[in-house]
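# What the coordinates show
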Amino acid sequence: MTEPILFYDIPAGEGLGCSLKCWSPNTWKTRFTLNIKGIPYKTIWVEYPDIEAVLRKIGANAAETKKDGSPYYTLPAIYDPNTKTALAESADIVRYLDKTYPNIGPRLVPAETDALHHAFNTAFTTALMGVGFVLIPSTVLRLGPRSEPYFRSTREVYYGGKLDEIAPPGPKREQYWAGVQKAFSTYSKWLDRAGSPFFLEDKIGYADITVASYMMWFRVILGEDSKEWTELTAWEGGRWAKYLAEFEKFTVVDVGEDVEL
């Protein structure tokens, strides 16, 4: 390849308490993918109200569909100037990069594990079903002035109530947090079955990237000094602190540039 890939990500707001500019678990999946494979790229920062226009401009298809059947444009997305390819959705992006650049970095979804990775994604998200009640109310407070109103209004429609009311401190939030702990206990049992540090034995694969990306969401939004992050990293005898430590060298975030429409 001769030109860096353009990687479209959503920024946290400046001065709002985030240790990193990138926070989204879905865009972290693609950032980890690019960093682990060692593929040159440049981040293009996109605020929420601009996502649809940007993806239409680069020719990326909508990754999802709204209830009314209209396209729902989300990030991450990439544009590869070397092949003139635009893609959205992290699972499609990793498979594209594995196929298009087989000689750059490790293959993160080996062909023989493709179906299993699809199944893993479903099982992973099902186990972590209540995570939004814990993290979405805190996430909205970390977004900039252009993204915050959009994120708040769309998520309040989705959750059917004010974000500061869906899981306030107290028994309700503790119930959802217990659900998060149960999910991570399940993931730990899966790793025990594998008998190895990662789901692909001794090497990081896309399933591991998925887990690490959600952990980055917790860490960036809740903060490393928070009670909940301290608890999470202590679960299963500190397994998850050690697990994420394996990804530290891949948490590089380039300066990038703001999108121009």
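Residues numbered from 1 in each chain as written. Predicted model: local features only at pLDDT ≥ 70, side-chain atom pairs only at ≥ 80, totals over all residues. Heavy atoms only, no water.

## Observations concerning helix α9 (residues 206-222)
When the terminal C-alpha atoms of α9 are compared, their 24 Å separation across 17 residues agrees well with the 24 Å that a helix rising 1.5 Å per residue should span. Within α9, 17 of the 17 residues are buried, leaving the element largely enclosed by the surrounding structure. With its phi angle positive at about 95°, Gly223 sits one or two positions after the end of α9. (Helix = DSSP H or I, 4+ residues; strand = E, 2+ residues; numbered from the N terminus. Expected span 1.5 Å × (residues − 1). Buried < 20%, exposed > 50% of the residue type's maximum accessible area, 1.4 Å probe, protein only.)

## A word on helix α3 (residues 90-100)
Because an α-helix completes one turn every 3.6 residues, residues spaced three or four positions apart along the sequence face the same direction. Judged by how many residues are buried, α3 sits mostly within the fold: 8 of 11 residues are covered. Turning to α3, its buried residues are Ser90, Ala91, Ile93, Val94, Arg95, Tyr96, Leu97 and Asp98. Those residues of α3 hidden inside the fold are in contact with β1 (5-9), α1 (25-37), β5 (77-80), β6 (85-88), α4 (114-127) and α9. At the N-terminal boundary of α3, the capping side chain belongs to Glu89, with an oxygen 3.0 Å from the backbone nitrogen of Ala91. (Contact = heavy atoms within 4.5 Å. Polar contact = N/O pair within 3.5 Å; in protein donor to acceptor, adjacent residues only side chain to side chain.)

## Side note on the packing of aromatic side chains
One pass over the structure, following the stated rule, counts 25 aromatic pairs. Between the aromatic rings of Tyr48 and Tyr150, the centroid separation amounts to 5.7 Å while the plane-to-plane angle is 20°, which identifies the pairing as stacked. Placement of Tyr48 in the loop between β2 (41-45) and α2 (51-58) and of Tyr150 in helix α6 (residues 147-159) is noted, with a sequence separation of 102 residues between them. Taking the centre distance of 5.9 Å and the plane angle of 20° together, the rings of Phe120 and Phe124 count as stacked. Within this pair, Phe120 and its partner Phe124 are both found in helix α4, separated by 4 residues, close to a single helical turn. With a relative accessible area of 12%, Phe120 lands in the buried category. (Phe/Tyr/Trp six-rings, centres within 6.5 Å; stacked < 30°, edge-to-face > 60°.)

## Thoughts on the pattern of salt bridges
Using the criterion set out here, one finds 14 salt bridges in the structure. A salt bridge links Glu156 to Arg152, with the shortest nitrogen-to-oxygen separation between them at 3.9 Å. A residue pair is termed a helical-turn pair when its members lie 3 or 4 positions apart in one helix, as Glu156 and Arg152 do in helix α6 at 4 residues. For Arg219, the salt bridge goes to Glu248, with nearest N and O atoms at 2.6 Å. One end of the pair, Arg219, is in helix α9; the other, Glu248, is in the loop between α10 (227-245) and β7 (257-258), with 29 residues separating them in the sequence. (Salt bridge = Lys/Arg side-chain N within 4 Å of Asp/Glu carboxyl O.)

## A few points about unusual backbone geometry
Put simply, Leu75 and Pro76 share a cis peptide bond, and its omega is 20°. Within the secondary structure layout, Pro76 lies in the loop between β4 (71-72) and β5.

## Observations regarding the nonpolar core
Counting 69 residues, the largest nonpolar core has Trp23, Phe184, Phe218, Trp240 and Phe247 as its most contacted members. Residue contributions to this core peak at 13 residues, all from α9. When near neighbours in sequence (up to four residues on either side) are disregarded, Trp23 contacts Ile10, Pro11, Ala12, Trp28, Tyr48, Thr139, Leu143, Phe151, Trp217, Val220 and Ile221. Counting 10 residues, the second-largest nonpolar core is a separate cluster that includes Leu34, Ile93, Leu97 and Tyr101. (Core = buried A, V, L, I, M, F, W, Y, C linked by side-chain atoms within 4.5 Å.)

## Some points on the pairing of β6
For a regular strand, side-chain orientation follows a simple rule: the groups alternate between the two sheet faces. Across the two faces of β6 the burial differs, with Ala86 and Ala88 buried and Thr85 and Leu87 not buried at all. Judged from the 4 bridges that link them, β5 and β6 form a sheet pairing that is antiparallel. Bridging across to β6, Ala77 finds its partner in Ala88. Once β5 ends, the chain turns through 4 residues before running back antiparallel as β6, passing Lys84 with a positive phi of about 55°. (Pairing = 2+ DSSP bridges.)

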